Amino acid sequence: MSFDDPPYGLRLKGTEAHRTLFPWFCRLTGLLPDQDIQVLDWVGYPDRDPACSDWSPYFDDGKEWSGIWCFTVWNPRSRTLAAIAASATD
């Protein structure tokens, strides 16, 4: 999963920081197994369907370089909604 191992990752201090960030993120957003979560991808694949990511200029630079993503995670059990977006470029 590219989110878990981006080309330019977060620089955290401590030897265990890289092992605890993603599980913490999953717990925070409700992205947990056996929770009947619903994940919606809002940008898809710009090469295949460019109009899908044209709704915001925020994504323009990322389409040409390292990539874009935007998704929402709904957890009906905990009633939490998280939105995550990224547009990476040099």
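Preceding this paragraph is the structure being described.
So, a few notes on the structure that sits alongside this text.

Cut-offs used in this document
Residues numbered from 1 in each chain as written. Predicted model: local features only at pLDDT ≥ 70, side-chain atom pairs only at ≥ 80, totals over all residues. Heavy atoms only, no water. 1 Å grid on protein atoms, 1.4 Å probe; cavity = no way out; pocket = protein on both sides within 12 Å on 5 of 7 lines; lining within 4 Å. Points joined across faces, edges and corners; volume = space filled by probe spheres on them. Helix = DSSP H or I, 4+ residues; strand = E, 2+ residues; numbered from the N terminus. Nonpolar A, V, L, I, M, F, W, Y, C, P; charged D, E, K, R; others polar. Core = buried A, V, L, I, M, F, W, Y, C linked by side-chain atoms within 4.5 Å. Buried < 20%, exposed > 50% of the residue type's maximum accessible area, 1.4 Å probe, protein only. Contact = heavy atoms within 4.5 Å. Salt bridge = Lys/Arg side-chain N within 4 Å of Asp/Glu carboxyl O. Pairing = 2+ DSSP bridges.

Here the second largest pocket defines a volume of roughly 200 Å³. Along the walls of the second largest pocket sit Val39, Asp41, Val43, Gly44, Tyr45, Pro46, Gly62, Lys63, Gly67, Ile68, Trp69 and Phe71, which together make up its complete lining. Put simply, the parts of the chain that give the lining of the second largest pocket at least two residues each are β1 (38–41), α2 (60–64) and β2 (67–75). Sorting elements by how many residues they give to the lining of the second largest pocket places β2 first, with four residues. Of the residues contributing to the lining of the second largest pocket, the split by class is seven nonpolar, three polar and two charged.

Here the focus is the nonpolar core. Formed by Phe22, Phe25, Cys26, Leu31, Phe71, Val73, Ala82 and Ile84, the largest nonpolar core amounts to eight residues. Among the secondary structure elements, those contributing two or more residues to this core are α1 (17–29), β2 and β3 (80–88). With residues near it in sequence (within four places) discarded, cysteine 26 still touches Leu31 and Leu32.

Tallying each qualifying case throughout the model produces one salt bridge. In this structure, arginine 77 and aspartate 36 form a salt bridge, with 3.2 Å as the shortest nitrogen-oxygen distance. Of this pair, arginine 77 sits in the loop between β2 and β3 while aspartate 36 sits in the loop between α1 and β1, and the two are 41 residues apart along the sequence. Take aspartate 36: its relative accessible area is 52%, and that puts it in the exposed class.

The next subject is the pairing of β2. Within a regular strand, the side chains alternate between the two sheet faces. One ladder, built from four bridges, connects β1 with β2; its direction is antiparallel. Residue pairing across strands places valine 39 opposite valine 73, the latter belonging to β2. Of the pairings in the sheet, the one linking β2 to β3 comprises nine bridges and is antiparallel in character. From the neighbouring strand, asparagine 75 faces β3, where its bridge partner is threonine 80. Linking β2 to β3, which pair antiparallel, is a turn of four residues; within it arginine 79 sits at a positive phi near 55°.

Read these as spatial facts, not as claims about activity.
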